[in-house]
Number of protein chains: 2
Amino acid sequence: MRVIYNEQMADLANLLGEMAGLAGSAMDRATQALLQADLGLAEQVIGEGDRIAELIQDAEERAFALLALQAPVAGDLRQVISAIQIVSDVNRMGALALHVAKVSRRRHPNHALPEAVNGYFAEMGRVAVSMGASAKEVLETRDPERAAQLNQDDEAMDDLHRHLFTLLMDREWKHGVAAAVDVTLLGRYYERFADHAVEIGRRVIFLATGVLPPDPDIEV
Amino acid sequence: MRVIYNEQMADLANLLGEMAGLAGSAMDRATQALLQADLGLAEQVIGEGDRIAELIQDAEERAFALLALQAPVAGDLRQVISAIQIVSDVNRMGALALHVAKVSRRRHPNHALPEAVNGYFAEMGRVAVSMGASAKEVLETRDPERAAQLNQDDEAMDDLHRHLFTLLMDREWKHGVAAAVDVTLLGRYYERFADHAVEIGRRVIFLATGVLPPDPDIEV
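Residues numbered from 1 in each chain as written. Chains lettered and ligands numbered in written order. Predicted model: local features only at pLDDT ≥ 70, side-chain atom pairs only at ≥ 80, totals over all residues. Heavy atoms only, no water.

Engineer: Describe the interface of chain B and chain A, with residues and values.
Structural biologist: Contact residues are listed per partner, giving 38 residues for chain B and 38 residues for chain A. Of the roughly 3,300 Å² buried between chain B and chain A on both sides combined, carbon and sulfur atoms contribute 65%. In this structure, the salt-bridge partner of Arg 203 of chain A is Glu 60 of chain B, at a minimum N-O distance of 3.8 Å. Taken together, the connections running from chain B to chain A amount to two residue pairs in polar contact (both at pLDDT 80 or more). Those elements that provide at least two residues to the side of chain B that touches chain A are helix 3 (49–70), helix 4 (74–107), helix 6 (144–169), helix 7 (176–209) and helix 8 (216–219) of chain B. For the side of chain B that touches chain A, the element with the most residues is helix 4 of chain B, which contributes 13 residues. (Contact = heavy atoms within 4.5 Å. Buried area = accessible area lost by both parts, 1.4 Å probe. Salt bridge = Lys/Arg side-chain N within 4 Å of Asp/Glu carboxyl O. Polar contact = N/O pair within 3.5 Å; in protein donor to acceptor, adjacent residues only side chain to side chain. Helix = DSSP H or I, 4+ residues; strand = E, 2+ residues; numbered from the N terminus.)

Listed below in structure tokens is the structure:
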């Protein structure tokens, strides 16, 4: 039983890692689509939504089968429960990448972003992609120290987000209300993407140490 | 075993229902705080964040204990898994009510909303509160038809949200960029609150019928 459990749990963790990697790659291309007003790339990201939905269902079914057939206890049980919770985080990360792609499709052939904020979104995209890759690595290695580093990336994201809002709220904002609305929503999508990556890190830390770090979102 | 399982599962469902009710009540007061620029009410909602966090932890621990001690199978196992997924939805609903309260605190003593959009937010608040109450009822009764009605409320919310955006994007918007940014974020918070209530309905329908309705968020 134990050998089968270990094997199936490792498969499930790798599937979750693969999904986090896909979400990061989707956010990478969605950011490129946004910065370059590239409709083809946006459509490509949107078209992959079904693939992510399939993987989500696959992961949930594997977790369910693990519980039903292996009846894990104690720490093993916690791992499967955490996997189920993590599925919902990677699901949201994928959905948020799709949201970014949809904004750039909606504004095509125009750019959704005023040029003045391109730098912010290039950087938020870079941080998001790096956090997707870190989440993948953390899921595969279950290294709590690596997981804790996700908080530093999240702080970088929060800083960028704050600066972006200062810019929006400034009387000097010259790009109109419609652009401000797009920038506000897009900023929120990147920030939430990062929050979900942090949440994955928290779950992995909990599995490794037995202590769930405080939820940073409660402080916001 | 079976009697204990049924009793504990009913307790857990009632706890989830109570939490959905609390999230609805928090959104109710957050909306009042927003419309009336009532700092005391906003602070009250924000102060209850800890209480919701405690209930979340309590619910997760109960679900874990149920799995560990009762080792449910088949449909019973699905119920517990669904409960764990629903915890994360009610958690977000509570967090979104807090976000609304925080915007009104941040703008105090000013109103965060231009008077022209008060009617939209009063109505979005009403729909959100009604969906919180429906989610509570659905969790307690597990009635799939009642659960499916959450989709109609969600359509009403989406309509309000769309109209609000038309107003924001209109050249006639006279309330400046800062107000537009607040209105954009606030609109998103109400819309997401509704999405999580629908998600709870989907989980309950799945438990009752074995079929998971399509995720409406994927279409957006």
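Engineer: How would you summarise helix 4 of chain B if you had to cite specific residues and measurements?
Structural biologist: Between its first and last C-alpha, helix 4 of chain B extends 51 Å over 34 residues, near the 50 Å set by a 1.5 Å rise per residue. Burial of helix 4 of chain B is extensive: 26 of the 34 residues sit out of reach of the surface. (Expected span 1.5 Å × (residues − 1). Buried < 20%, exposed > 50% of the residue type's maximum accessible area, 1.4 Å probe, protein only.)

Engineer: Can you lay out the nonpolar core for me, pointing to particular residues and giving the numbers?
Structural biologist: The biggest cluster of nonpolar side chains holds 152 residues, and the ones touching the most others in it are Phe 121 and Tyr 190 of chain A together with Phe 121 and Tyr 190 of chain B. Beyond its immediate chain neighbours, meaning those up to four positions away, Phe 121 of chain A contacts Thr 31, Leu 34, Leu 35, Leu 113, Leu 164, Val 183, Leu 186, Gly 187 and Tyr 190 of chain A. (Core = buried A, V, L, I, M, F, W, Y, C linked by side-chain atoms within 4.5 Å.)

Engineer: Could you give me a rundown of the relation of the copies chain B and chain A, with the residues and numbers involved?
Structural biologist: With an axial shift of 0.0 Å and an RMSD of 0.0 Å, the rotation relating chain B to chain A amounts to 180°. Here the copies are linked by what is in effect a two-fold axis. It is Val 177 of chain B whose C-alpha, among those of chain B, lies nearest the rotation axis, at 2.7 Å. An overlap of 100% is found between the interface residues of chain B and their copies at the interface of chain A, pointing to a shared contact surface. (Least-squares fit on C-alpha atoms with pLDDT ≥ 70 in both.)

Engineer: Could you give an account of the UniProt feature "domain: PhoU" (unreviewed entry) in chain A, naming the residues involved and the relevant values?
Structural biologist: All names here are of chain A. When the UniProt feature table is mapped onto this chain numbering, "domain: PhoU" (unreviewed entry) sits at residues 17–102 and 122–204. Between the first and last C-alpha atoms of residues 17–102 the distance is 25 Å; the span itself is 93% helix and 0% strand. Counted over residues 122–204, helix gives 89% and strand 0%. Its end C-alpha atoms are 28 Å apart. (UniProt positions renumbered as here; feature names shortened; annotations may be inferred.)

Engineer: Account for the packing of aromatic side chains, with residues named and values stated.
Structural biologist: In this description, a pair of aromatic rings is defined by centroid distance and the angle of the planes. Inspection of the entire model under this criterion finds two aromatic pairs over all chains. A centroid spacing of 5.7 Å and a plane angle of 65° characterise the contact between Phe 121 of chain A and Tyr 190 of chain A, whose relative ring orientation is edge-to-face. With Phe 121 of chain A in helix 5 (residues 118–141) and Tyr 190 of chain A in helix 8 (residues 176–209), this pair connects stretches of sequence that are 69 residues apart. No difference in accessibility class separates Phe 121 of chain A from Tyr 190 of chain A, as the two residues are buried. For Arg 78 of chain A, the ring lying beneath its charged end belongs to Phe 64 of chain B, and the centroid distance is 3.7 Å. (Phe/Tyr/Trp six-rings, centres within 6.5 Å; stacked < 30°, edge-to-face > 60°. Lys NZ or Arg CZ within 6 Å of the ring centre and 35° of its normal.)

Engineer: Break down the environment of Leu 12 of chain A for me, citing the residues and quoting the values.
Structural biologist: Residue and element names in this part refer to chain A. Take Leu 12: it is sitting in helix 1 (residues 2–36). Leu 12 gets classed as buried once you look at its relative accessible area, which sits at 0%. Taking the C-alpha atoms as reference, Leu 12 lies 6.9 Å from Arg 62; in sequence the two are 50 residues apart. In this structure Leu 12 touches Ala 59, Arg 62, Ala 63, Leu 66 and Ala 83, once residues within four positions along its chain are discounted.

Engineer: Got a sec to walk through helix 2 (residues 39–47) of chain A? Specific residues and values, please.
Structural biologist: Residues and elements named next belong to chain A. All of the buried residues in helix 2 are Leu 41, Ala 42, Val 45 and Ile 46. Mapping the buried residues of helix 2 onto a view down its axis gives an arc of 140°, with all of them on the same face. Where helix 2 is buried, its residues meet helix 1, helix 3 (49–70) and helix 4 (74–107). Its side-chain oxygen at 3.2 Å from the backbone nitrogen of Gly 40, Asp 38 defines the N-terminal cap of helix 2. (Arc of directions from axis to C-beta.)

Engineer: Which residues make up the pattern of salt bridges, and what values do they have?
Structural biologist: Within the structure shown, the criterion is met by 32 salt bridges over all chains. Of the charged contacts in the structure, one is a salt bridge between Lys 136 of chain A and Glu 140 of chain A, with a shortest N-O distance of 3.0 Å. Of this pair, Lys 136 of chain A and Glu 140 of chain A both sit in helix 5, four residues apart, which is roughly one turn of that helix. On the basis of relative accessibility, which here comes to 30%, the residue Lys 136 of chain A falls in the partly exposed class. Note on Glu 140 of chain A: relative accessible area 36%, which makes it partly exposed. Across the pair Lys 174 of chain B and Glu 172 of chain B runs a salt bridge, and its minimum N-O distance is 3.5 Å.

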